[in-house]
Amino acid sequence: MSSLTVTLKDGSLHEMEPGSTWSQVAAGISRKLGKEALAARVDGAVDDLQSQAQQDRQVEFLTFADEDGRAVFRHTSSHILAQAVQRLFPGTKLAIGPAIADGFYYDLDSEHVFTNEDLAAIEAEMRRIVKEDHPLVRRDVSREEANEYFTLRSEPYKLELIQDLPADVQVSLYKQGEFIDLCRGPHLPSTGMVGAVKLLSIAGAYWRGSEQNKMLQRIYGTSFPKQNDLDEYLQRIEDAKRRDHRKLGQELDLFGIADEGPGFPFFYPKGMIIRNQLEEFWRQLHRQWGYQEIKTPMILSRELWERSGHWDHYEENMYFLKIDEEDYAIKPMNCPGGIICYKRRPHSYRELPIRYGELGLVHRHERSGVLHGLMRVRCFTQDDAHIFMMPEQITGEIIKVIKLIDFIYKTFGFSYRMELSTKPENAMGSDEIWEQATDALKQALEQNGNAYKINEGDGAFYGPKIDFHLQDTLGRNWQCGTIQLDFTMPECFDITYIGEDGEKHRPVMIHRTAFGSIERFLGILTEHYAGAFPAWLAPVQARVITVADRHIPVASEVAASLEQRDFRVEVDDRNERVGYKIRDGELEKIPYLLVVGDKEAEAGAVSVRKRGQGDLGRISVGDFAVQLASDIAQKA
RNA sequence: GCCCACAUAGCUCAGUAGGUAGAGCGUCGCCUUGGUAAGGCGGAGGUCUCCGGUUCGAGCCCGGAUGUGGGCUCCA
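Thresholds, definitions, all that
- Residues numbered from 1 in each chain as written.
- Chains lettered and ligands numbered in written order.
- Predicted model: local features only at pLDDT ≥ 70, side-chain atom pairs only at ≥ 80, totals over all residues.
- Heavy atoms only, no water.
- Helix = DSSP H or I, 4+ residues; strand = E, 2+ residues; numbered from the N terminus.
- Buried < 20%, exposed > 50% of the residue type's maximum accessible area, 1.4 Å probe, protein only.
- Contact = heavy atoms within 4.5 Å.
- Areas by Shrake-Rupley, 256 points an atom, 1.4 Å probe, with all protein chains shown as cover.
- Lys, Arg positive; Asp, Glu negative; His and termini not counted.
- Charge placed at Lys NZ, Arg CZ, Asp CG, Glu CD.
- Core = buried A, V, L, I, M, F, W, Y, C linked by side-chain atoms within 4.5 Å.
- Near = heavy atom within 4 Å.
- Polar contact = N/O pair within 3.5 Å; in protein donor to acceptor, adjacent residues only side chain to side chain.
- Axes fitted to C-alpha atoms, helices over the stretch in contact; angles between N-to-C directions.
- Parallel < 35°, antiparallel > 145°, perpendicular 65-115°, else oblique.
- Left-handed = near helix turned anticlockwise from the far one by under 90°.
- Nonpolar A, V, L, I, M, F, W, Y, C, P; charged D, E, K, R; others polar.
- 1 Å grid on protein atoms, 1.4 Å probe; cavity = no way out; pocket = protein on both sides within 12 Å on 5 of 7 lines; lining within 4 Å.
- Points joined across faces, edges and corners; volume = space filled by probe spheres on them.
- Salt bridge = Lys/Arg side-chain N within 4 Å of Asp/Glu carboxyl O.
- Patch = residues over 30% accessible without salt bridge, like charges linked within 9 Å, V, L, I, M, F, W, Y side chains within 5 Å.
- Expected span 1.5 Å × (residues − 1).
- Phe/Tyr/Trp six-rings, centres within 6.5 Å; stacked < 30°, edge-to-face > 60°.

### Examining the overall build of chain A
Per the secondary structure count, chain A includes 20 helices and 33 strands. Its C-alpha atoms give chain A principal-axis dimensions of about 90 × 75 × 55 Å. Per-residue burial for chain A yields a buried fraction of 51% across its 636 residues. The contacts in chain A between residues at least 6 apart in sequence include a share of 68% that link residues at least 24 apart. Of the accessible surface of chain A, which amounts to about 30300 Å², a share of 48% is contributed by carbon and sulfur atoms. Within chain A, the 99 negative side-chain charges are centred at a point lying 4 Å from the centre of the 77 positive side-chain charges.

### What about the nonpolar core?
Buried together is how nonpolar side chains tend to be arranged in soluble globular proteins. By size, the foremost hydrophobic cluster in this structure holds 57 residues, and its most contacted members are Phe412, Ile466 and Leu485. With ten residues, helix α13 (residues 394–412) is the single largest residue contributor to this core. Sequence-distant contacts of Ile466, defined by excluding residues within four places in its chain, comprise Ile398, Ile402, Met418, Glu419, Leu420, Leu441, Leu445, Gly481, Thr482 and Ile483. Counting 32 residues, the second-largest nonpolar core is a separate cluster that includes Tyr106, Leu119, Val130 and Leu199.

### Focus: unusual backbone geometry
Across the junction of Gly185 and Pro186, the peptide omega takes the value -10 degrees, indicating a cis bond. As for its placement among the helices and strands, Pro186 is situated in the loop between β11 (179–182) and β12 (196–206). The amide bond that connects Leu352 to the next residue, Pro353, takes the cis arrangement and shows omega of 0 degrees. Along the polypeptide, Pro353 turns up in the loop between α12 (335–343) and β20 (354–363). With a phi close to 40 degrees, Ser154 is a non-glycine residue in the positive phi region. Among the secondary structure elements, Ser154 is positioned in the loop between α5 (143–152) and α6 (156–164). Positive phi, close to 55 degrees, is recorded for Lys635, a residue that is not glycine.

### Some thoughts on the protein's contact with RNA strand B
The full set close to RNA strand B counts 58 residues, and Tyr206, Arg376, Gln479, Val547 and Asn575 are the nearest of them. Sugar and phosphate atoms represent 46% of those atoms of RNA strand B found within 4 Å of the protein. In the model, a base nitrogen of RNA strand B is placed 3.2 Å from a nitrogen or oxygen of the Gly369 main chain. Interatomic distance of 3.0 Å between a side-chain N/O atom of Arg609 and a sugar or linking oxygen of RNA strand B.

### Some remarks on the packing of α5 against α6
Two elements in contact, α5 and α6, have axes whose closest approach is 9 Å; the angle formed by their N-to-C orientations is 165 degrees. Comparing their axes, α6 and α5 come out roughly antiparallel. For α5 against α6, the interelement crossing comes out left-handed. Seen from α5, the contacting residues are Arg143, Ala146, Asn147, Phe150 and Thr151; seen from α6, they are Lys158, Leu159 and Ile162. Of the residues contributing to the contact of α5 with α6, the split by class is four nonpolar, two polar and two charged.

### What to know about the layout of surface pockets
Of the pockets and cavities examined, the largest pocket occupies roughly 1300 Å³. Looking at the largest pocket, it is lined by 46 residues, and the ones nearest its centre are Tyr314, Arg364, Glu366, Lys465 and Gln479. Counting residues per element, the ones that place at least two in the lining of the largest pocket are β21 (379–389), β22 (416–421), β24 (465–471), β25 (477–486) and β28 (508–517). Considered class by class, the residues forming the lining of the largest pocket number 13 nonpolar, 20 polar and 13 charged.

### So, the pattern of salt bridges
Counted by the stated rule, this structure contains 46 salt bridges. For Arg57, the salt bridge goes to Asp43, with nearest N and O atoms at 3.9 Å. On the criterion of sequence distance, the pair formed by Arg57 in the loop between β4 (45–47) and β5 (59–62) and Asp43 in the loop between β3 (39–42) and β4 is long-range, its members being 14 residues apart. Relative accessible area serves as the criterion here: at 27%, Arg57 is assigned to the partly exposed category. A relative accessible area of 45% places Asp43 in the partly exposed class.

### Thoughts on the environment of Trp282
When you line up the elements, Trp282 lands in helix α9 (residues 269–288). Separated by 292 residues in the primary sequence, Trp282 and Arg574 have C-alpha atoms spaced 37 Å apart. Sequence-distant contacts of Trp282, defined by excluding residues within four places in its chain, comprise Gly357, Glu358, Leu359, Asp383, Asp384, Arg512 and Phe515.

### Examining the environment of Phe104
Mapped onto the elements of the fold, Phe104 is located in strand β8 (residues 103–109). Residue classification places Phe104 among the buried positions, given a relative accessible area of 0%. The spatial distance from the C-alpha of Phe104 to the C-alpha of Thr76 is 9.2 Å, given a sequence separation of 28 residues.

### Notes on a nonpolar patch on the surface
On the surface, a cluster of nonpolar side chains totalling about 210 Å² of accessible area is made up of Met298, Ile299 and Ile323. When you line up the elements, Met298 lands in the loop between β16 (292–293) and β17 (299–301).

### Topic: the side chain of Asp467
With respect to the helices and strands, Asp467 occurs in strand β24. A residue is classified by how much of its surface remains accessible, and Asp467, at 1% relative accessible area, is buried. A distance of 3.5 Å separates the side chain of Asp467 from the side chain of Lys465, its partner in a polar contact. In terms of polar contacts, Asp467 uses its side chain to reach the side chain of Gln479, at 2.9 Å.

### Notes on α13
Taking 1.5 Å per residue, 19 residues should reach 27 Å; α13 reaches 28 Å between its end C-alpha atoms and fits that length. Looking one or two residues past α13, Gly413 carries a phi angle of roughly 75 degrees, positive in sign.

### Structural notes on the packing of aromatic side chains
Within the structure shown, the criterion is met by 27 aromatic pairs. Arranged with centres 5.8 Å apart and planes meeting at 35 degrees, the rings of Phe412 and Trp536 form a pair that is tilted. Note that Phe412 is positioned in helix α13 and Trp536 in the loop between α16 (518–528) and β29 (542–546), a separation of 124 residues in sequence. The exposure class of Phe412 is buried, given its relative accessible area of 3%. The exposure class assigned to Trp536 is buried, which follows from its relative accessible area of 4%. With a centroid separation of 5.1 Å and an interplanar angle of 85 degrees, the aromatic rings of Tyr592 and Phe624 are classed as edge-to-face. On the criterion of sequence distance, the pair formed by Tyr592 in strand β31 (residues 592–596) and Phe624 in helix α20 (residues 621–634) is long-range, its members being 32 residues apart. For Tyr592, a relative accessible area of 1% gives the class buried. These aromatic residues form a ring-pair network of at least three members: Phe281, Tyr409, Phe412, Phe414, Tyr416, Phe468, Phe515, Phe521 and Trp536.

Structural data, given as structure tokens:
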């Protein structure tokens with residue numbers, strides 16, 4: 001019988017025996033690939049290595065280095081988790097157990113409340129299953145057979161899943177040892193390939209993500225081919241914890257949240273310096289980019305919020321109050337205030353676009369369970385702006401905003417991705433207007449050459465939006481910047497401009513932020529820099545350290561001279577040894593420590609110690625000032 | 001809001017069989033005047049988150065509230 005031919009990733013052809021599996025094909029290519037391959041991508045679709053190889057296919061072998069390969073690896077890990085749980089806790093009902101970014105989870109329903117001690121036991125059982133090295137065997141079955149099986153096993157969630165599978169989907173089961181799960185696959189050939197597993201946490205999760213449904217118990221875990229990789233990953237998690245902005249905010253005395261104000265952050269003097277630097281940077285940039293700054297009131301009348309649509313569409317996030325028997329609301333957004341500014345007098349088309357920037361403090365009611373340090377709070381300062389323009393200015397203006405936001409993120413070295421959110425259920429305005437606005441955003445993105453993902457139904461109630469998502473050190477994404485295009489509010493507030501023709505016309509609005517929220521951005525920055533803020537942001541840029549008490553006058557002179565040049569300087573004249581004060585300064589992550597003793601006093605110099613780099617030697621105060629100024633100018 | 005866990009000095013944490021609280025760091029005082037990541041000695045500092053219960057007696061056991069953490073849901 002003649003051999004079969006498949007095309008490999010690099011375009012080369014590979015001959016193989018009829019009836020061989022992808023696994024055998026991989027092994028035939030190289031020993032290494034045979035060992036490392038986890039799954040095969042056949043004509044674009046990921047398949048089991050155990051599947052029979054077929055003639056004339058494009059095949060690519062996936063290893064742990066591939067995202068899809070990792071997903072298969074983790075998916076099999078989640079089956080092992082479920083198997084272990086059912087061995088130790090018979091009667092536990094299984095919901096779903098997918099692979100996620102850095103691991104996997106399984107949602108379980110059990111009378112038993114799982115504890116951390118249970119996790120250790122389950123983990124041990126998982127290792128046993130790995131050691132037992134069960135092959136995973138796929139079997140396609142009829143719906144009737146699947147229903148029968150899971151009815152017999154009393155697995156209500158599986159039955160519900162089967163019922164909701166589209167009619168044309170083949171139902172399949174995967175078996176490993178005594179354990180059988182409903183699963184589309186693909187899977188590793190055998191449980192023995194899962195080298196190292198670790199269960200990380202237990203959390204509640206609603207069945208199918210809906211609060212209407214029962215709360216299940218979710219066990220999170222991760223797995224790697226080698227113990228070493230797992231250890232490295234766990235180390236990374238530890239490092240990330242050390243960078244947690246809540247911890248650093250406390251340690252560096254920057255900001256915090258008191259029990260007296262859940263979700264309402266406090267900024268201490270040092271945190272305030274960073275904040276003010278960010279805001280100064282923002283103001284300077286926005287002046288350059290043609291924005292004018294405004295400030296609008298925190299409390300405005302019910303009538304205004306009814307008109308803007310917030311009263312109907314945003315009520316559950318708002319705080320209300322009465323003044324002299326009249327209803328008022330604390331602003332959850334700055335836009336109505338910006339519109340009132342625009343409306344204070346008529347505008348000519350010659351003035352447009354008008355860009356009103358506002359660092360506006362907004363309050364939003366967030367559910368108690370979602371609060372998280374500075375990242376998720378109940379009051380925050382949006383670096384907002386409202387741009388009023390003619391319809392023909394839309395694309396150009398949106399591209400400008402994208403460029404401005406890009407410039408800001410690059411200043412901090414952040415990577416980000418963009419998402420376009422479309423009309424939500426709870427929306428104002430007609431479908432036509434939404435389509436027009438959404439198309440305008442798409443056009444700007446495409447014209448500017450930006451890649452983006454579409455997020456159906458996630459727009460603001462008044463318009464579609466482009467969101468910017470930054471990635472933090474834990475790999476979490478934070479929504480920061482946003483650009484929202486709005487045809488609705490100009491209508492609600494009946495705002496106009498006088499056109500070339502002398503008639504009134506309706507302007508279009510952009511709502512946008514770059515930082516998103518100063519608070520969240522500062523939280524992200526704190527983690528990004530691990531608290532070691534660059535000199536332009538650092539609360540203390542240099543600290544002068546005295547060697548002995550007799551150097552206090554010289555140290556004060558050095559500090560005064562630097563302060564005169566507008567640097568943020570402190571003197572540590574405590575009666576302690578140099579080593580002690582150095583250690584303190586390093587722990588406080590101060591960019592420069594300047595040691596002043598006899599030698600420096602005599603030479604009119606300072607010994608410079610740069611954060612993380614150690615002693616750089618003696619230079620004059622003037623030279624140091626030049627160096628620091630250069631760091632600040634470069635935002636380095 | 002929901003599930004689970006946690007809440008002890010300014011901070012980080014011990015407190016093991018219920019018998020009216022401990023350490024390190026920080027702070028204050030004294031000694032030391034020391035050259036690049038912690039000198040020495042001493043002192044002060046706590047209604048053990050709050051409310052209620054069990055008990056002769058509660059930091060510890062029980063119930064509730066509040067807050068925090070990990071998630072779910074929701075968002076900048």
